[in-house]
Amino acid sequence: MPSDAASPPASPQGDSFPIPGRRLLVTGGNGFVGSAVVRMLVAAGAEVRCLLRAASQVERLAGVAFERALGDVRDADSVRQAIAGCDGVIHAAGMSSYKLMDSPEAEAVTVGGTRNVLEAARDAGVKKVVFVSSGTAINGSDAPRVFDETAAFELGNSGLRYAIYKHNAEKICLGFNAEGVPVVIVNPGEVYGPNDTGLITSATLVDFAKSSPVLVCDGGIPVTFIDDCALGIVRALERGRPGQRYILSGENLTVRQVAELTLSILGQKKRITQMPNAVVRGIAKGALALRIPLPFEPKAIPYGTRYWFFDSSKAQRELGVTFRSARETLQPTLAWLRDTGRIK
C-alpha cells in the first residue's frame, strides 16, 4: 500500500468527513472495486451497509463485518430504506461486464440508479456522497492524448454507450450538488489486481498468457492497482471537494506495452502482432451481427481500440493518494491468476 500523505486541511465548506464511527451505505459493495472499498471502510472503523440483490454473490466480502440491505439501485423504495440512518454513501453499483455495458439495462443502472441514490440521499439528509464513475466518462481518443478532469467530453456520438451513460450520470450528480447534496465524483482507470474472479480486466492478461502469437490493437489504458483505486475512493469521501472530479488512474501504457509487460513478468517469449484497428473493429462488428463466437469479447473492441490516458495529479495532490507502476500492478495480478489456476 502506498504511504499515506498528510491530510489536507478541511475547507471552509466542511469537506472533511472522518470515517471512524460513521454509518455508510455502499452500493455495488460486492463487486471487484466495491469489495475493496468496503474492506477499507470497515478497517477504518466505519459501520458499512451494502445494498445487494438477493442473488448477489458476496465471496469477495468473506470475513468482513457488514450489514446487508436487500434491494437494487433501480428500485427507489429499496434505496430509500437502505440509506435511512446513513451519514454517507459510496455509489459504486454498475455494469462491469462488457456484454452488458452498452445494454438498456446498463442505462437503467447507471443513470436511473444514480438518480435514485441521489434523491434518497437528499431526502435523508446524507452528509456526503461519492459517485464512482469511470475514466471513460472524461474522454478517450484515437491517438495518444492525456486528459485531466477538465477535458471536454468528445464521445457523445461515438456509440460508446457505457461512457455516455457514465457521463450523463455525472451531470445528474452535479445537478444535485448544485442543489445542496454534497457529491464527489471519482473516475477510476483500468483496474487490475487479485480477486478479479469475474475476470473483468484480467481476461486480457489471460489472453496474452495463453495466445501465440499475441494479437494486440492500437490503443492504450491507465493500468491502476485495485488497492490504490479503493483508497482513492475512500479518500474522496474523507477529503474530496463536493462538485469536483478526481481521476484515480495509474501508469498509461499502450495495449502493446501491456502485452510486453505481461509476457516479461511471466517469462514468456512470444511474438506480438499488432492488427489494424479498422480490421479488428470490422471483425468484431461482423461477429456481433452474425452472432459468430470469437476468442475475445467483441463488445470490448470499440473501447480497446482507443486511448484512455489520464493525469491523476489532482487526486494525488488533494486526496493524498499515489499510484504504483504498471509492473507493480500486474505482478500481483498475474501471481493471483497463476495461484488460482487461471494461467500457468
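Structure: above.
What comes next is a walk through the structure. Being a predicted model, the structure only gives us computed values, none of them experimental. (Residues numbered from 1 in each chain as written. Predicted model: local features only at pLDDT ≥ 70, side-chain atom pairs only at ≥ 80, totals over all residues. Heavy atoms only, no water.)

### A closer look at the environment of Glu 47
Note that Glu 47 resides in strand S2 (residues 47–52). On the basis of relative accessibility, which here comes to 43%, the residue Glu 47 falls in the partly exposed class. Aside from chain neighbours lying at most four places away, what touches Glu 47 is Arg 22, Arg 23 and Leu 24. (Helix = DSSP H or I, 4+ residues; strand = E, 2+ residues; numbered from the N terminus. Buried < 20%, exposed > 50% of the residue type's maximum accessible area, 1.4 Å probe, protein only. Contact = heavy atoms within 4.5 Å.)

### Here's the deal with the packing of helix H8 (residues 255–266) against helix H12 (residues 326–339)
Contact pair H8 / H12: the axes reach a minimum separation of 10 Å and the direction vectors enclose 55°. Our classification of the angle between H8 and H12 gives oblique. Relative to H12, the crossing made by H8 is right-handed. Touching Val 258, Leu 261, Thr 262, Ser 264, Ile 265 and Leu 266 of H8 are Ala 326, Arg 327, Leu 330, Gln 331, Leu 334 and Arg 338, all from H12. When the residues that make up the contact of H8 with H12 are grouped by side-chain class, the tally is seven nonpolar, three polar and two charged. (Axes fitted to C-alpha atoms, helices over the stretch in contact; angles between N-to-C directions. Parallel < 35°, antiparallel > 145°, perpendicular 65-115°, else oblique. Left-handed = near helix turned anticlockwise from the far one by under 90°. Nonpolar A, V, L, I, M, F, W, Y, C, P; charged D, E, K, R; others polar.)

### Observations concerning the side chain of Thr 201
With respect to the helices and strands, the residue Thr 201 is situated in the loop between strand S8 (190–192) and helix H6 (202–210). Judged by its relative accessible area of 7%, Thr 201 falls in the buried class. Setting aside residues no more than four positions away along its own chain, Thr 201 makes contact with Phe 32, Glu 190, Val 191, Tyr 192 and Asp 196.

### Quick word on H12
Taking 1.5 Å of rise per residue, 14 residues should cover 20 Å, and H12 covers 20 Å from first to last C-alpha, within 8% of that figure. Where H12 is buried, its residues contact S8, H6, strand S10 (220–225), strand S12 (251–254) and H8. Immediately beyond the C-terminal end of H12, within one or two residues, lies Gly 341, with a positive phi of roughly 75°. (Expected span 1.5 Å × (residues − 1).)

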